[in-house]
Amino acid sequence: MSETNRRKFLAVAGAGAAAGTVGLTGLATPAAAAAPGDTKRKPGSAQETVVAYVKDHRSSKLRLMVGDREVIVHDADLVNRILNAAGGN
């Protein structure tokens, strides 16, 4: 499978997972959730589908597939927030 097709597949699969995760964020405790409006989108932010991939739950490394690019972010707080929103064991 070519890299572009793999990313398109991940984007479609991730969009479904993200839609499910968005529904779970309402279950977060008020202390764990940011207040609405705390974070604003910056000019130049992504305008394409974004898929977040956490390979190792113990790591602060987060891979973002943005269109046909891959961006690696090191942010332990963001990784923990994503894992908490996803739930599970």
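None of these values were measured; they are calculated from a predicted model. (Residues numbered from 1 in each chain as written. Predicted model: local features only at pLDDT ≥ 70, side-chain atom pairs only at ≥ 80, totals over all residues. Heavy atoms only, no water.)

(A) Quick look at the pairing of strand β3 (residues 69–74). Relative to β3, strand β2 (residues 61–66) runs antiparallel, the two sharing 6 bridges. Looking at the pairing, R63 lines up with I72 of β3. Connecting β2 to the next strand, β3, in antiparallel fashion are 2 residues, including G67 with a positive phi near 60°. (Pairing = 2+ DSSP bridges. Helix = DSSP H or I, 4+ residues; strand = E, 2+ residues; numbered from the N terminus.)

(B) Seen up close, the pattern of salt bridges. Across all of its chains, the model carries 2 salt bridges by this definition. Across the pair D56 and R58 runs a salt bridge whose closest N-O atoms are separated by 3.3 Å. Given a relative accessible area of 30%, D56 falls into the partly exposed group. A relative accessible area of 69% means that R58 is categorised as exposed. Where E70 meets R63, a salt bridge forms, and the shortest distance between an N and an O atom there is 2.5 Å. Of the residues examined, E70 reaches a relative accessible area of 35% and is grouped as partly exposed. (Salt bridge = Lys/Arg side-chain N within 4 Å of Asp/Glu carboxyl O. Buried < 20%, exposed > 50% of the residue type's maximum accessible area, 1.4 Å probe, protein only.)

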